[in-house]
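A look at the structure
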Amino acid sequence: MSNVLKVTTSVSDYNRVDGSKNLADNAEKLRMQNPAALTQAQDVERDNPSTKNGQYDEQGALKDYSSNLSQFIQKMGKMTPMAQTFSKLLFENLDFLIGTENKETMTPAVTKFLSMIQAEDMESVLSALKSQVNQSVRYKGVFFDVMRRIFHETDSVELKGKILDFMRRCTDMQSGEHIMENIRNDLKTTENYMFQSAKGRLQNLMEKLQFGSALTNGDVAHNVKVLKEEILPFLNEYITKTHDRGPLRDAAARLAANIARYENGDGDKVKELFKQILDFGTSQKYLKGMESDRIIDFLKQTDFEKTIAKDTWNDQFLQIVKETMSGKAGLDSKAVFQDFMQSVLLNESVFMPMLHIMLPIEYEGTKLFSEMWIDPDAENSQSGSMKERAVKLLVKFEIQDVGFFDLYLLYKDGKVEMQLDYPEELKADQKEIREQMNQIMARNGLSFSSLVLEKGMPPIPLFEAFPKLLERKNTINVKI
């Protein structure tokens, strides 16, 4: 079977977050052993602390079973914070892109992006932050709070399963337009590995597809029928005849996975599932009088849908990334943007339990980029008592011509514990910084239980701010 996920086995002894390697140990392992000393050498190897994460087969050979979560932690440990990467893009590279040979295409995109991140006042900054939160949190609002309450109150395993399935279908439905674009790209990739005659037939089949809003149920049903009954059978037949077991089959496997997601988001199926949820007594307790036929229109009015439909800086920046990654701005800029996109994908991983937000702003002629991680359920007890609920926040930001800042905050029971690390150059302003922070808290009806100000400190590691990232290794330890 094709390795669709492209999962690779990590190299032994690279299991630590810092990626360090004990070369002396490996030199000893590679040294030739005589048969008489082989058993003894294996016993020493088992006792070697550097191999404690490994296991041995029947022949005594060391095997590496590091989990997917472990690999994610390794990459996060090596990753440079985006606050530094994006700051370089925002402060230096974007101005450089305007002066490239392809400035006729790059300049309009960069100019529009820079105009979109300008803030006239602090209210504009707050609005931009709320917009990012709304785009990052799909299931936010009264309706989804009610669904969570039903899920926790019911003892019915069947109802819990239907609610989880409903949420998955909502996600696929709202992502339908994006999924169809992925399908289009998969089909174009497939064309590159086909003979000319077959390529022409595939193009004719692609013309039958309709690309548009995921919430148009007729389009979804039509596209699914064409994809499942015509395009997939044609590709399977072609792969069988040509015995192509390489990139073409991989592209076909990705296509099949995207088709399954697209079909899962059919609006008619979402409505039917919601109707089944309403038949349960626990649901009627909170959703009495709600009609299943109205659920699609209701989902269109969520904060997520309203925000995602706006012309935001995210879309414009992705256009710049697309142009740059095609090589139009030179290899140096391409490498910088590639590192940035890798960081974005890591922070959007299924293994990242915190909300991750990026916010570029230009205010009064000064550019600022902030990156934040939010854990809204830190130290939340199993009893569900809101009084015991805590929120953790780590913010890394750079202000143009000022420097890097780290802000670590814990909110609990109306009190705030905060640590703010600021550049060495601002040490004379510590008193003013403290006064300003107190005023900000007072304006928002909060107060400090502690406020620690440090100058010139190294960046706060993500794993120290959120230990749960490492603790999850005790519960999630699988490898595909």
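Residues numbered from 1 in each chain as written. Predicted model: local features only at pLDDT ≥ 70, side-chain atom pairs only at ≥ 80, totals over all residues. Heavy atoms only, no water.

A look at the overall build of the protein chain
Along its length, the protein chain carries 21 helices and nine strands. Intrachain contacts of the protein chain at a sequence separation of at least 6 include 64% that bridge at least 24 residues. Looking at the protein chain as shown, the accessible area adds up to about 27,100 Å², and 51% of this sits on carbon and sulfur atoms. (Helix = DSSP H or I, 4+ residues; strand = E, 2+ residues; numbered from the N terminus. Contact = heavy atoms within 4.5 Å. Areas by Shrake-Rupley, 256 points an atom, 1.4 Å probe, with all protein chains shown as cover.)

Comments concerning the pairing of strand β6 (residues 390-399)
Buried residues dominate β6, accounting for eight of its 10 residues. Sheet topology places strand β5 (residues 366-378) next to β6; nine bridges connect them, and they run antiparallel. Each residue of the ladder has a partner; that of Asp-375, found in β6, is Lys-392. Judged from the 10 bridges that link them, β6 and strand β7 (residues 403-412) form a sheet pairing that is antiparallel. For Lys-396, the partnering residue across the bridge sits in β7 and is Asp-406. (Buried < 20%, exposed > 50% of the residue type's maximum accessible area, 1.4 Å probe, protein only. Pairing = 2+ DSSP bridges.)

Things to note about the pairing of β7
The loop that links β6 with its antiparallel partner β7 comprises three residues; one of these, Asp-401, has a positive phi angle of about 65°. As consecutive antiparallel partners, β7 and strand β8 (residues 415-422) are separated by two residues, and within that stretch Asp-413 has a phi angle of approximately 55°, a positive value.

Some remarks on the pattern of salt bridges
Side chains that differ in sign of charge can pair as their charged atoms come close. Counted by the stated rule, this structure contains 12 salt bridges. The partner of Glu-237 in a salt bridge is Lys-241, with the nearest N and O atoms 3.0 Å apart. One end of the pair, Glu-237, and the other, Lys-241, are both in helix α11 (residues 217-242), four residues apart, so they sit about a helical turn from each other. On the accessibility criterion, Glu-237 (39% relative accessible area) is partly exposed. Residue Lys-241 is classed as exposed on the basis of its relative accessible area of 61%. When salt bridges with common partners are traced through the structure, they connect Lys-228, Glu-263 and Lys-269 into a single cluster. (Salt bridge = Lys/Arg side-chain N within 4 Å of Asp/Glu carboxyl O.)

Quick word on the packing of helix α9 (residues 176-191) against helix α12 (residues 247-264)
Across the interface, α9 lies against α12 with an axial gap of 9 Å and an inter-helix angle of 160°. Of the possible angle classes, the one that applies to α9 and α12 is roughly antiparallel. Seen along the crossing, α9 lies across α12 with a hand that is left-handed. Contact residues: Gly-176, Ile-179, Met-180, Asn-182, Ile-183, Asp-186, Leu-187, Thr-189 and Thr-190 in α9; Leu-248, Ala-251, Arg-254, Leu-255, Asn-258, Ile-259, Arg-261 and Tyr-262 in α12. By residue class, the composition of the contact of α9 with α12 is nine nonpolar, five polar and three charged. (Axes fitted to C-alpha atoms, helices over the stretch in contact; angles between N-to-C directions. Parallel < 35°, antiparallel > 145°, perpendicular 65-115°, else oblique. Left-handed = near helix turned anticlockwise from the far one by under 90°. Nonpolar A, V, L, I, M, F, W, Y, C, P; charged D, E, K, R; others polar.)

Description of the nonpolar core
The biggest cluster of nonpolar side chains holds 25 residues, and the ones touching the most others in it are Ile-183, Leu-187, Met-194, Leu-202, Ile-231 and Leu-255. Elements that contribute at least two residues to this core include exactly α9, α10 (196-206), α11 and α12. Tallying contributions element by element places α11 first for this core, with 10 residues. With near-sequence residues (within four places) excluded, Leu-255 lies in contact with Ile-183, Asp-186, Leu-187, Ile-231, Leu-232 and Leu-235. Grouped together as the second largest cluster of nonpolar side chains are 21 residues, Phe-144, Met-173, Leu-287 and Leu-299 included. (Core = buried A, V, L, I, M, F, W, Y, C linked by side-chain atoms within 4.5 Å.)

Remarks on the packing of α9 against α10
It is at 10 Å that the axes of α9 and α10 come closest, and there the two elements cross at 165°. On the basis of their axis angle, the class for α9 and α10 is roughly antiparallel. As α9 runs across α10, the sense of the crossing is left-handed. Contacts from Arg-184, Leu-187, Lys-188, Thr-190 and Glu-191 in α9 reach Lys-199, Leu-202, Gln-203 and Met-206 in α10.

Function cannot be inferred from these measures alone, as they are strictly geometric.
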